[in-house]
Amino acid sequence: DAGITQSPRYKITETGRQVTLMCHQTWSHSYMFWYRQDLGHGLRLIYYSAAADITDKGEVPDGYVVSRSKTENFPLTLESATRSQTSVYFCASSVGQGRDSAEAFFGQGTRLTVV
Amino acid sequence: QQPVQSPQAVILREGEDAVINCSSSKALYSVHWYRQKHGEAPVFLMILLKGGEQKGHEKISASFNEKKQQSSLYLTASQLSYSGTYFCGTAKNTGNQFYFGTGTSLTVIP
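Colleague: Where do I start with the sheet that holds strand β7 (residues 64-66) of chain A in this structure?
Modeller: Strands pair in a sheet through their backbones, by hydrogen bonds, and they do so in one of two ways: parallel or antiparallel. Residues and elements named next belong to chain A. With antiparallel pairing, the four strands of this open sheet are ordered in space as β1-β3-β8-β7. A strand with exactly one partner marks an edge of an open sheet, and here the two such strands are β1 (4-7) and β7. Here the strands of the sheet are splayed against their neighbours by 15° on average, with no regard to which way each runs. Looking at chain direction, β1 and strand β3 (residues 19-25) are connected through four bridges and run antiparallel. Note that in β3 the partner of Thr5 across the bridge is His24.

Colleague: I'm lost on unusual backbone geometry in this one. Help?
Modeller: The general pattern is negative phi for most residues beyond glycine and trans for most peptide bonds. Of note, the bond from Ser7(A) into Pro8(A) is cis; its omega dihedral lies within 30 degrees of zero at -5°. Along the chain, the position of Pro8(A) falls in the loop between β1 and β2 (10-13). Although it is not a glycine, Gln69(B) adopts a positive phi angle of roughly 55°. With respect to the helices and strands, the residue Gln69(B) is situated in the loop between β7 (60-65) and β8 (70-75). Given a relative accessible area of 18%, Gln69(B) falls into the buried group. Phi at Ala77(B) takes a positive value of approximately 45°, unusual for a residue other than glycine.

The rules behind each value
Residues numbered from 1 in each chain as written. Chains lettered and ligands numbered in written order. Predicted model: local features only at pLDDT ≥ 70, side-chain atom pairs only at ≥ 80, totals over all residues. Heavy atoms only, no water. Pairing = 2+ DSSP bridges. Helix = DSSP H or I, 4+ residues; strand = E, 2+ residues; numbered from the N terminus. Axes fitted to C-alpha atoms, helices over the stretch in contact; angles between N-to-C directions. Buried < 20%, exposed > 50% of the residue type's maximum accessible area, 1.4 Å probe, protein only.

Here it is as structure tokens:
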């Protein structure tokens, strides 16, 4: 199916474990983003990517790692999960940013709980 | 980096109007507006690309003052379906970051 999909939709993990959240888009959009959503903070940018093999930090990158070996995939890894990383994570993609800013399409989100 | 929205929350009766503001400390090239229903992903409403540009989407419109780095979303004659959290998203003149505001919860009651 066309679109942007995240997996898993729900995840419970223990403190200290490594967790990877997957994001896949079928449009070949150049830009992809990871956000976390917490009450009172809105959507905060974790990492973004302008193209395959090009990634950069957002506002809250500590404790997270990303990679983008293929245009369509942008996985987010929590190297050693902490309770403060309990959140809803959204992946988004866009055909352009900056001066070519365009609509961002969001995945359905992953609700992650760290216990 | 994250733009600030005001108010944080608003409750309206059907048919009333509302204004949501978005302000950034950085020079902006564009402002987006999104609406998120509870438990769902944000959905795009509109994008404003030029200073002073105003756009409309049915009874929802927005303005963008590039010099002041501010945008406002106007909801007129609100409907129950307008309930949700509204986010502004901002793209700077340089770089590829795309930041969202803190969100405004809007509730429309009968």
